[in-house]
Amino acid sequence: MPEAFVHLQCPECTKDWEENPADLPDLGKNFSCPDCHATRQLKEFMRSERDLEAVRQFQ
């Protein structure tokens with residue numbers, strides 16, 4: 001089975017990266033950008049609705 005990845009984008013520094021949705025916290029929990037360390041709810045880092053739905057499937 002291929003691994004799933006979602007695209008994330010920091011709302012502050014606009015860094016783009018990918019993560020495995022199974023490794024991410026719940027959408028309402030705090031998450032920090034690996035570059036600028038901005039902290040917000042994980043759902044604010046989702047680049048698209050498709051990414052948001054993919055994370056929901058793994059929770």
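Coordinates for the structure precede this section.
Residues numbered from 1 in each chain as written. Predicted model: local features only at pLDDT ≥ 70, side-chain atom pairs only at ≥ 80, totals over all residues. Heavy atoms only, no water.

Student: Lay out the side chain of N20 in plain terms, naming residues and giving numbers.
Tutor: Relative to the helices and strands, N20 resides in the loop between β2 (16–19) and β3 (30–32). Within the local environment of N20, its side chain forms a polar contact with the backbone nitrogen of A22, the two atoms lying 2.9 Å apart. Contacts of N20, omitting those with residues within four sequence positions, involve E3, A4 and F5. (Helix = DSSP H or I, 4+ residues; strand = E, 2+ residues; numbered from the N terminus. Polar contact = N/O pair within 3.5 Å; in protein donor to acceptor, adjacent residues only side chain to side chain. Contact = heavy atoms within 4.5 Å.)

Student: Give me the packing of aromatic side chains: which residues, what numbers.
Tutor: Each aromatic ring pair is summarised here by two numbers: the centre-to-centre distance and the angle between the ring planes. According to the stated counting rule, one finds three aromatic pairs in the structure shown. Their ring planes at 15 degrees and their centres at 6.3 Å tell us that W17 and F31 sit as a pair that is stacked. Of this pair, W17 sits in strand β2 while F31 is found in strand β3, placing the two residues 14 residues apart along the sequence. We classify W17 as buried; its relative accessible area is 11%. (Phe/Tyr/Trp six-rings, centres within 6.5 Å; stacked < 30°, edge-to-face > 60°. Buried < 20%, exposed > 50% of the residue type's maximum accessible area, 1.4 Å probe, protein only.)

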